[in-house]
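Report on the structure
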Amino acid sequence: MRTLVRRWTLEEALEPARLHRLRRLLADGGVLAIPTESSYGLAVDPRNRRGVEAVYRLKAREAGKPLPV
């Protein structure tokens, strides 16, 4: 199942209802795109196998090649 989450400011993301939604997304193996100064980072719960596999798939990264944490 895919869930699209709109772009939120940090203050918006910390609102209880939205924070619950983000936690649920990560628990379900979802991936967050987080803007940085130079690019976007992908974030998942590193303990969630589906989330980690999703990052490998999205980045077309070679299996077994470590991801930065």
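Not measured: the values here are computed from a predicted model.

Now for helix α2 (residues 16-27). In this model α2 runs 16 Å from its N-terminal to its C-terminal C-alpha over 12 residues, within 8% of the 16 Å that 1.5 Å per residue would give. Gly-29 sits one or two positions beyond α2 and adopts a positive phi of about 90°.

Before going further, it helps to examine the pairing of strand β2 (residues 40-43). In the case of a regular strand, side chains alternate between the two sheet surfaces. Judged from the four bridges that link them, strand β1 (residues 32-35) and β2 form a sheet pairing that is antiparallel. Considered in β2, the bridge of Pro-35 is made with Tyr-40. Connecting the antiparallel pair β1 and β2 is a turn made up of four residues.

With that settled, the discussion passes to the pattern of salt bridges. Under the defined criterion, the tally for this structure stands at four salt bridges. When the shortest N-O distance is used, the salt bridge between Asp-45 and Arg-47 registers 3.0 Å. By relative accessible area, Asp-45 is classed as buried at 18%. A salt bridge links Arg-49 to Glu-53, with the shortest nitrogen-to-oxygen separation between them at 3.1 Å. Within this pair, Arg-49 and its partner Glu-53 are both found in helix α3 (residues 49-59), separated by four residues, close to a single helical turn.

Definitions and limits used
Residues numbered from 1 in each chain as written. Predicted model: local features only at pLDDT ≥ 70, side-chain atom pairs only at ≥ 80, totals over all residues. Heavy atoms only, no water. Helix = DSSP H or I, 4+ residues; strand = E, 2+ residues; numbered from the N terminus. Expected span 1.5 Å × (residues − 1). Pairing = 2+ DSSP bridges. Salt bridge = Lys/Arg side-chain N within 4 Å of Asp/Glu carboxyl O. Buried < 20%, exposed > 50% of the residue type's maximum accessible area, 1.4 Å probe, protein only.

Geometry only, nothing functional implied.
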